[in-house]
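Breakdown of the fold
Spelled out from the first residue to the last, the chains are:
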Amino acid sequence: MLRIEWGQTARGTVRMSGAKNAALPVLASALFARRSTLHNIPHIGDVMMLLRIFESYGVTVRFEGNTVELDTSDMRPESDDPGLVKKIRASILLIPALLHRFGRVDLPYPGGCNLGKRPIDEHVNGLRMLGYGFSESDGLLSFSGDWFRHDVELSTFFSVTATENLLAASAFRPGTTKIRLAAIEPHVMDVVGFLRACGARIETSYDHSFEVSGISELPEHVEYTVIHDYLESGFFILLGALCAEEFIDIEHARIGDLGSFLIKASEAGVCYELRSNDTIRVHNSRSNLRAISLQTNVFPGFPTDIQSPFTVMLTQAEGISRVHEILFEGRFNMLMELEAMKGHSAILNPHEALIFGPTKLRGTTVTSWDLRSGASMILAGLIAEGETRITNVEYIERGYEDILGKLRSLGIQIDRIES
Ligand code: UD1
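Before going into details, it helps to say that this report is about the structure given with it. (Residues numbered from 1 in each chain as written. Predicted model: local features only at pLDDT ≥ 70, side-chain atom pairs only at ≥ 80, totals over all residues. Heavy atoms only, no water.)

A few points about the overall build of the protein
Counting its secondary structure elements, the protein contains 14 helices and 23 strands. Taken against the 2.2 N^0.38 rule, which gives 22 Å for 419 residues, the C-alpha radius of gyration of the protein at 22 Å falls within 12% of a compact globule. If you line up the protein on its principal axes, its C-alpha atoms span 60 × 45 × 40 Å. Among the 419 residues that make up the protein, the fraction classed as buried is 58%. Partitioning the intrachain contacts of the protein with sequence separation of at least 6 by distance along the chain shows that 71% fall at a separation of at least 24. On the protein, roughly 16000 Å² of surface is accessible, and the fraction owed to carbon and sulfur atoms is 48%. Each charge sign in the protein was given a centre, from 40 positive and 53 negative side chains, and these centres are 2 Å apart. (Helix = DSSP H or I, 4+ residues; strand = E, 2+ residues; numbered from the N terminus. Rg over C-alpha atoms; globule rule 2.2 N^0.38 Å. Buried < 20%, exposed > 50% of the residue type's maximum accessible area, 1.4 Å probe, protein only. Contact = heavy atoms within 4.5 Å. Areas by Shrake-Rupley, 256 points an atom, 1.4 Å probe, with all protein chains shown as cover. Lys, Arg positive; Asp, Glu negative; His and termini not counted. Charge placed at Lys NZ, Arg CZ, Asp CG, Glu CD.)

What to know about the sheet that holds strand β11 (residues 201–205)
Spatially, 4 strands are ordered β9-β10-β12-β11 in an open sheet, and the strand pairing comes out mixed. The outermost strands of the open sheet, each flanked by one partner alone, are β9 (152–155) and β11. Between one strand and the next, the sheet's axes are offset by a mean angle of 15 degrees, whatever the strand orientation. Where strand β10 (residues 176–180) and strand β12 (residues 209–213) come together, 4 bridges link them in antiparallel fashion. Paired with Thr176 across the strands is Ser213, a residue of β12. Set on the sheet, helix α7 (residues 186–197) makes contact with β11 and β12; between it and β11 the angle comes to about 150 degrees. (Pairing = 2+ DSSP bridges. Axes fitted to C-alpha atoms, helices over the stretch in contact; angles between N-to-C directions.)

A look at the sheet that holds strand β22 (residues 387–391)
Taken in spatial order, the 4 strands of this open sheet run β21-β22-β1-β23, and their pairing is mixed. Lying at the two open borders of the sheet, with one neighbouring strand each, are β21 (365–367) and β23 (414–416). Put simply, the sheet's adjacent strands are angled 25 degrees from each other on average, direction ignored. Contacts from helix α12 (residues 371–383) reach β1 (2–5), β21, β22 and β23 within the one sheet, and its direction differs from that of β1 by about 30 degrees.

Brief notes about the site of the ligand
Around the ligand, 19 residues are found, and the nearest of them are Asp121, Ser159, Val160, Thr161 and Asp305. Arg89 places a polar side-chain atom, nitrogen or oxygen, 3.0 Å from an oxygen atom of the ligand. Measuring from an oxygen atom of the ligand, one finds a backbone N or O atom of Glu122 at 2.8 Å. Contact with the protein chains hides 85% of the accessible area of the ligand, taken as 740 Å² for the molecule alone. Among the secondary structure elements, those contributing two or more residues to the shell around the ligand are α1 (20–29), α5 (121–129) and α6 (160–171). In terms of residue count, α5 provides more of the shell around the ligand than any other element does, 3 residues in total. Of the residues that constitute the shell around the ligand, the class distribution is 6 nonpolar, 5 polar and 8 charged. Per-domain counts for the shell around the ligand show at least three residues from each of domain 1 (2–17 + 228–416) and domain 2 (20–216). (Near = heavy atom within 4 Å. Polar contact = N/O pair within 3.5 Å; in protein donor to acceptor, adjacent residues only side chain to side chain. Nonpolar A, V, L, I, M, F, W, Y, C, P; charged D, E, K, R; others polar. Domains from an automatic or database assignment.)

Here we look at the side chain of Glu337
Mapping Glu337 onto the fold places it in helix α11 (residues 334–340). Buried within the structure, Glu337 lacks any salt-bridge partner; Lys342 is the closest side chain of opposite charge, at an N-O distance of 13 Å. Discounting residues that sit within four places of it in the chain, Glu337 has contacts with Val366, Thr367, Trp369 and Met377. (Salt bridge = Lys/Arg side-chain N within 4 Å of Asp/Glu carboxyl O.)

A look at the packing of α1 against helix α2 (residues 45–56)
Relative placement of two packed helices is described by the angle separating their axes and the distance separating the axes. With their axes 10 Å apart at the nearest point, α1 and α2 run at an angle of 10 degrees to one another. Considering their axes alone, α1 and α2 lie roughly parallel with respect to each other. Residues Lys20, Ala23, Leu24, Leu27 and Ala28 of α1 touch α2, and the partners they reach there are Asp46, Val47, Leu50, Leu51 and Phe54. Here the contact of α1 with α2 is composed, by residue class, of 8 nonpolar, no polar and 2 charged. (Parallel < 35°, antiparallel > 145°, perpendicular 65-115°, else oblique.)

Brief notes about α5
Glu122, His123, Val124, Gly126 and Leu127 are the residues of α5 that are buried. Elements in contact with the buried residues of α5: α4 (95–102), β7 (133–137), β8 (140–144), β9 and α6. Taken from the residues just after α5, Gly131 is the one with a positive phi, measuring 125 degrees.

Brief notes about unusual backbone geometry
In the segment running from Phe299 into Pro300, the intervening peptide bond is cis, with an omega of 10 degrees. Structurally, Pro300 can be placed in the loop between β17 (293–295) and α10 (307–314). Gly357 connects to Pro358 through a cis peptide bond whose omega is -5 degrees. Tracing the chain through its elements places Pro358 in the loop between β20 (352–357) and β21.

Some points on the nonpolar core
Counting 143 residues, the largest nonpolar core has Leu70 and Phe310 as the members making the most contacts within it. Counting residues per element, this core draws most heavily on helix α8 (residues 230–243), at 10 residues. Two domains each provide a minimum of three residues to this core, namely domain 1 (2–17 + 228–416) and domain 2 (20–216). (Core = buried A, V, L, I, M, F, W, Y, C linked by side-chain atoms within 4.5 Å.)

Thoughts on the pairing of β8
The pairing of strand β6 (residues 104–108) with β8 spans 5 bridges and is classified as antiparallel. Across the sheet, the residue bridging to Arg104 is Ser144, located in β8. Pairing analysis gives 5 bridges linking β7 to β8, with the strands arranged antiparallel. Within β8, the position partnered with Glu136 by the bridge is Leu141.

These values are about where atoms sit, not about what they do.
Here is the structure:
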């Protein structure tokens, strides 16, 4: 578990890592190539698990620094450790490359964070539209067959991984695929960048659609650098607003991807300045915070992945804030932990809550329900009176590279202790 003492302040500069949500689908899409070299891959639990899954399919993996090299020459159609696949939801991203190479995939229903319902119907519908057959029995998903050669039009209803999967499945199929109602999160656009580096032609439109003209040649070798993590920089911006001695600087912040987040942060009284197009300076804004109304949405709306830390900040804002989480009902589990810390909230329904502020949080033992709520508990621990202990740290380590090292580099003492 993690142990945090209150009353600490942050100073200095912190640099963001490669984006988890880009690294996972880019790594999975790289299984189409014989060899690939991928840079800026974060050392996080989900990436390590995905790479172990790759190895269980016979892929040769080298991970040095932040560069991953993959060689798929000896890849097999089946994993020699199917139990691994259940551990992360991102294993669903293996489907297109396995189907393309072997004409069949049998995959246990993928696991993941505790966020509530995680259906996969958009993946299934899209793959069917591309020509593949699907069946499910006893929690085993089976896809088989070959792609259609004609042009196809399908929709992914803004699902991030379904859009990524169907982009990858379309990129190496003859014919044109129109993907409508597509997610366009920065990590989805990074998958587009990777598939273009493989030779696929993908046109994007402002109406949430892609047109993919597939290529039949699989790439021999592809090299690509994934983007930095705008979701991680959102977390550190909130940390700066709550705990900076005076200010902190965040490098590789992907400011351009944080538009709606920064608008809401400003509205709530967070004070920041842009130091360059990729560095943001965030001033301690604690005495300035005011209640706001917030609704998560698909990109370019407010990211659901920064809702939990933002909600922690709203406990310190003057007035009553309303948070509307449209995507994942499980995100409000975190409010139980805040309640244990004497934060006041009212859950109106599984998707809407009121946060009453400002409240004096008190340290206690809390848990991480998912990786974002776990990181949010670090913020809560820093502003709560006394000592805070956070259990289920593995969730946090699934998605944040060297978070303890980054916090320590800002002068914050946080210890990992045995439970
Ligand atoms: C991805 C991100 C996650 C982020 C989420 C929303 C990765 C690895 N994870 O998760 O961090 O919080 O996007 O931005 O990139 N849905 C369906 N049917 C489907 C798929 C999804 O109904 O087939 C629904 C889900 O229940 C949810 C919504 O669509 O309410 C969004 O899910 P989706 O975009 O698929 O999230 P993930 O790709 O799992």
